[in-house]
Amino acid sequence: MYKNLAATFVAACFFFPAVQAQSPTKITEPIKAGFVYVSPITEAGWTKQHDEGRKAVERALGDQVKTTFVADVAEGADAERVIRDLAQQGNQIIFTPSFGYMEPTLKVAKEFPNVKFESVTGFKTAPNVAASNARYYEGRYLAGIAAGRMTKSNVAGYVAGFPIPEVLQGINAFTLGMRSVNPKASVKVVWLNAWFDPPKEREAAMALFNQDVDVIAFHTASTAVMAAAQERGKMAVAYHSDMRKVGPDAQIIAVTHQWGDYYTARVKAAMNGSWTSGSVWGGVKEGMIRVGDFGSKVPKKVQDEISAKQKAVGSGQLRPFTGPISDNEGKLVLPAGQSLSDAQILNMNYLVQGVLGRFSR
C-alpha cells in the first residue's frame with residue numbers, strides 16, 4: 001500500500017492545508033475516471049475495497065462516467081508511468097490509493113494541470129492534487145475490544161507491514177481497546193517490511209499462533225492471516241474487507257474501509273466544476289470506517305457493546321487516544337483526561353504499554 005517512507009511523516013502535521021481552488025470547469029460528456037492499484041484485486045483486502053469504491057461510482061453515476069483501472073502496479077517508476085498513461089488517455093480524474101504513489105502523482109500532476117488527482121493515503125497536495133485518508137485507528141480500537149472479550153490466553157498477535165505512523169496508530173489503538181476491557185491482555189507484533197506478501201503473512205501468523213496467541217490482527221493487504229487462523233482454529237480480526245468467506249469460523253469482527261461515497265462525491269465534483277484541492281481525514285463519523293460483520297462465535301452482548309461504542313466514536317464521545325497512555329518502555333505519553341491531537345496521532349512513533357515488541361525508527 002505504501003512504501004517504507006516513515007521519515008516523510010514528520011511533515012504529516014500539514015495534513016490539513018488550506019483548500020486551493022481550481023477554475024470551475026463543468027464536464028458535460030461522460031467523465032473518465034482512472035484508478036491505480038498497488039496489488040492484484042483479490043477476494044478481499046486493501047485493493048478490493050478500492051475497487052468496490054470504483055464500482056460504487058459506476059452504480060451511482062451510470063452512463064455519466066467511464067472508469068478504468070490498472071492493478072498490481074509497483075510504487076515508484078512503474079506507478080509514475082501508469083499514472084501518466086491514464087492522464088494521456090484522457091482520464092479527467094485519477095485516484096492513486098497508495099502512500100508510495102504520492103510523489104509520482106505529484107510529478108505527473110504538474111504535467112497535466114487540467115486533470116484532477118486524488119492521492120489516497122498521501123498527505124501532500126497541489127492545485128490539482130487532493131489528499132485523503134481514513135482514521136483506521138478508530139476501527140482498530142473497536143476491534144481490540146472484541147479481541148479483549150474473546151481471548152482466552154490474553155495474548156493477541158499482530159502482523160504488521162512497515163513501522164510508519166499509520167501502522168503504529170493501529171497497533172496502539174487495538175492494544176488500548178483490548179486492555180480497556182481486559183487489562184491483562186498483551187499484543188505480540190511481527191514486522192514483515194512488506195505490504196502484500198501472502199507467504200510471509202501466513203508464516204508470521206503461524207509463528208504467532210505458536211506463542212500462545214489465540215486472536216490475531218494484521219495490517220497487510222491479503223487474506224493470508226485470516227486463512228491461517230481458520231486453518232489453526234484460532235480467531236482473527238479482518239482488515240479492509242469482510243473475510244468470512246475465507247475464515248468462516250475464525251473471523252470475530254471486520255474493520256472495513258468504505259470508499260464508495262467519497263469517490264462518488266469527488267467524481268461528481270469534477271463533473272460539475274466544484275472540485276477543489278484539500279485534505280480529508282475521515283473515520284466512523286464520515287462513514288469511511290466501520291466495524292461489524294461479526295463471526296458466529298461472538299456473543300450478542302459483545303456485539304451490542306461494540307455497536308454502542310462505535311456510535312460513541314462516531315459522535316466524538318469516545319476518543320481512542322485518551323490518557324493516561326504510557327509507552328511500552330514505561331514513559332508517560334499522555335496524562336489522564338487529555339486526548340492526542342491530530343498532529344500527534346499523525347506523527348506517532350512509539351508503541352503503547354501492553355505491546356510486546358519494538359521497531360526501528
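Bear in mind the structure is a predicted one, so any value in this text is a computation, not a measurement. (Residues numbered from 1 in each chain as written. Predicted model: local features only at pLDDT ≥ 70, side-chain atom pairs only at ≥ 80, totals over all residues. Heavy atoms only, no water.)

J.: Any chance you could explain the overall build of the protein here in plain terms?
T.: Regarding its fold elements, the protein presents 10 helices and 15 strands. The C-alpha atoms of the protein give 20 Å as radius of gyration, which agrees with the globular expectation for 361 residues (21 Å, within 12%). Considering only C-alpha atoms, the protein reaches an extent of 60 × 40 × 35 Å along its principal axes. Within the protein, buried positions represent 58% of all 361 residues. Partitioning the intrachain contacts of the protein with sequence separation of at least 6 by distance along the chain shows that 69% fall at a separation of at least 24. Within the structure as shown, the protein displays about 14500 Å² of accessible surface, and the carbon and sulfur contribution to it stands at 50%. (Helix = DSSP H or I, 4+ residues; strand = E, 2+ residues; numbered from the N terminus. Rg over C-alpha atoms; globule rule 2.2 N^0.38 Å. Buried < 20%, exposed > 50% of the residue type's maximum accessible area, 1.4 Å probe, protein only. Contact = heavy atoms within 4.5 Å. Areas by Shrake-Rupley, 256 points an atom, 1.4 Å probe, with all protein chains shown as cover.)

J.: How should the environment of A217 be read in this particular structure?
T.: For A217, the location among the structural elements is in strand β8 (residues 215-219). A residue is classified by how much of its surface remains accessible, and A217, at 0% relative accessible area, is buried. Measuring from C-alpha to C-alpha, the distance between A217 and A238 comes to 7.0 Å, with 21 residues separating the pair along the chain. In contact with A217, other than residues within four places in its own chain, are R140, G157, Y158, V159, F174 and V237.

J.: Would you mind showing me how to read the sheet that holds strand β9 (residues 235-240) here?
T.: The strand order across the open sheet formed by seven strands is β12-β10-β9-β8-β6-β7-β15, and the pairing between neighbours is mixed. The open sheet has two edge strands with one neighbour each: β12 (289-292) and β15 (355-356). Bridge count between β8 and β9: two bridges; the pairing is parallel. Within β9, the residue paired with V215 across the bridge is M235. Its contacts with the sheet place helix α5 (residues 165-181) against β6 (155-160), β7 (186-191), β8, β9 and β15, and it is angled at close to 160 degrees to β7. (Pairing = 2+ DSSP bridges. Axes fitted to C-alpha atoms, helices over the stretch in contact; angles between N-to-C directions.)

J.: What is the right way to read helix α2 (residues 77-88) from this model?
T.: Quick reminder: α-helices carry 3.6 residues per turn. Residues three or four places apart thus point the same way. Along its 12 residues, α2 runs 16 Å from first to last C-alpha, staying within 8% of the 16 Å computed at 1.5 Å per residue. For α2, every residue scored as buried is listed here: A79, E80, V82, I83, R84, L86 and A87. Looking at the buried positions of α2, the neighbouring elements they touch are β1 (31-36), β2 (65-70), β3 (93-97), α3 (102-111) and β4 (116-120). Looking one or two places after α2, you find G90, whose phi comes out positive at around 95 degrees. (Expected span 1.5 Å × (residues − 1).)

J.: Help me out: how do you make sense of the pairing of β7 in this one?
T.: As paired elements, β6 and β7 share six bridges and run parallel to each other. Looking across to β7, one finds that G157 is bridged to K188. Pairing of β7 with β15 involves two bridges; the strand directions are parallel. When the sheet's bridge partners are listed, V187 is paired in β15 with V355.

J.: Whenever I open this one, the packing of helix α4 (residues 136-150) against α5 confuses me. Can you help?
T.: In helix packing, the relevant descriptors are the interaxial angle and the interaxial distance, both defined with respect to the helix axes. Where α4 contacts α5, the two axes come as close as 6 Å, and the packing angle between them is 35 degrees. Considering only the axes of α4 and α5, their crossing is right-handed. The segment α4 lies against α5, with Y136, Y137, R140, Y141, A143, G144, I145, A147, G148 and R149 engaging E166, Q169, G170, A173, F174, L176, G177, M178, S180 and V181. Classifying every residue of the contact of α4 with α5 by side-chain character gives 11 nonpolar, six polar and three charged. (Left-handed = near helix turned anticlockwise from the far one by under 90°. Nonpolar A, V, L, I, M, F, W, Y, C, P; charged D, E, K, R; others polar.)

J.: Would you take a moment to explain the packing of aromatic side chains for this structure?
T.: Here the distance between the centres and the angle between the planes together describe a pair of aromatic rings. Within this structure, the stated rule accounts for 15 aromatic pairs. Centre to centre, the rings of Y158 and F174 are 5.7 Å apart; their planes meet at 70 degrees, and the pair counts as edge-to-face. Residue Y158 is found in strand β6, and its partner F174 is found in helix α5; the two are separated by 16 residues along the sequence. F174 carries the same exposure label as Y158, and that label is buried. (Phe/Tyr/Trp six-rings, centres within 6.5 Å; stacked < 30°, edge-to-face > 60°.)

J.: What should I look at first to understand α5 in this one?
T.: The end-to-end C-alpha separation of α5 is 25 Å, in line with the 24 Å expected for 17 residues at 1.5 Å each. Most of α5 sits inside the fold, with 15 of its 17 residues counted as buried.

J.: What should I look at first to understand the sheet that holds β3 in this one?
T.: Note on sheets: strands pair through backbone hydrogen bonds, and any given pair is parallel or antiparallel. Spatially, β2-β1-β3-β4-β5-β11 is the arrangement adopted by the six strands of the open sheet, whose pairing is parallel. Edge positions in the sheet fall to β2 and β11 (279-282), since each has one partner strand and no second. Ignoring which end each strand starts from, the neighbouring axes of this sheet average 15 degrees apart. Relative to β11, strand β5 (residues 129-134) runs parallel, the two being bridged by four bridges. Looking at β11, one finds that A134 is bridged to G282.

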